[in-house]
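# Structure assessment
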Amino acid sequence: KYTPADGRVTLQCRQRGRWVIIEVIDTGVGIPAQDLSHIFERFQQVDSSDSRKKGGTGLGLAICRKILNQHGGRIWAQSQLSEGSTFHVLLPVR
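An account of the accompanying structure is given in this report. A quick note: this is a predicted structure, and the numbers were derived from the prediction, not measured.

### Quick notes on the overall build of the chain
When helices and strands are tallied, the chain shows 2 helices and 4 strands. Taken from N to C terminus, the helices and strands of the chain fall in the order β-β-α-α-β-β. Relative to its full complement of 94 residues, the chain shows a buried share of 27%. Residue pairs at least 24 apart in sequence account for 49% of intrachain contacts in the chain once pairs closer than 6 positions are excluded. Accessible surface for the chain amounts to roughly 6,600 Å². Of this, 53% is attributable to carbon and sulfur atoms.

### A word on the packing of aromatic side chains
As enumerated under the stated definition, the model contains 1 aromatic pair in all. Its guanidinium or amino end placed over the ring of W76, R74 lies 4.3 Å from that ring's centre, counting from NZ or CZ.

### As for the pairing of strand β2 (residues 19-26)
In terms of strand pairing, strand β1 (residues 9-16) meets β2 through 8 bridges, oriented antiparallel. In the sheet register, Q12 faces β2, and the bridge partner there is E23. Hairpin connection between β1 and β2: a loop of 2 residues separates the two successive antiparallel strands, and G17 in this loop has a positive phi of roughly 65°. Strand direction decides the pairing type here: β2 and strand β4 (residues 84-92), joined by 8 bridges, are antiparallel. Paired with I25 across the bridge in β4 is T86.

### Some details on the nonpolar core
With 9 residues, the main nonpolar core is built from I31, L36, I39, F40, L68, I75, A77, F87 and V89. If you list the elements that add at least two residues to this core, you get β3 (74-80) and β4.

### Quick word on the pattern of salt bridges
Scanning the entire structure with this criterion turns up 1 salt bridge. In this structure, E23 engages R14 in a salt bridge whose closest nitrogen and oxygen atoms are separated by 3.4 Å. Of the residues examined, E23 reaches a relative accessible area of 11% and is grouped as buried.

### Side note on the pairing of β3
Here β3 shows one buried face, formed by I75, A77 and S79, and one open face, formed by R74, W76, Q78 and Q80. Alignment of β3 against β4, held across 7 bridges, turns out to be antiparallel. Bridge assignment links Q78 to a residue of β4, and that residue is T86. Between β3 and β4, which pair antiparallel in sequence order, lie 3 residues; one of them, S82, sits at a positive phi of approximately 65°.

Rules used in this analysis
- Residues numbered from 1 in each chain as written.
- Predicted model: local features only at pLDDT ≥ 70, side-chain atom pairs only at ≥ 80, totals over all residues.
- Heavy atoms only, no water.
- Helix = DSSP H or I, 4+ residues; strand = E, 2+ residues; numbered from the N terminus.
- Buried < 20%, exposed > 50% of the residue type's maximum accessible area, 1.4 Å probe, protein only.
- Contact = heavy atoms within 4.5 Å.
- Areas by Shrake-Rupley, 256 points an atom, 1.4 Å probe, with all protein chains shown as cover.
- Phe/Tyr/Trp six-rings, centres within 6.5 Å; stacked < 30°, edge-to-face > 60°.
- Lys NZ or Arg CZ within 6 Å of the ring centre and 35° of its normal.
- Pairing = 2+ DSSP bridges.
- Core = buried A, V, L, I, M, F, W, Y, C linked by side-chain atoms within 4.5 Å.
- Salt bridge = Lys/Arg side-chain N within 4 Å of Asp/Glu carboxyl O.

Here it is, written out as structure tokens:
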């Protein structure tokens, strides 16, 4: 919802050894570096005014992190303002 209409969201998936790596790459607004460590906490949003317009609650990424942790995986993000973000998911193969 934060990628403009003319933007792009790409999903990549591969297996490396005993891990599955999933990456969601977007060309959205990006996330400031100082906010990256907080976006996976409950009710945390980068810009609450923009999130209110788009219907964000700040729970989605926290829920994703909790589920991934319960399955022995992890999630993190890299981002560049005005260029987009990449969300990385690492899950063990069972």
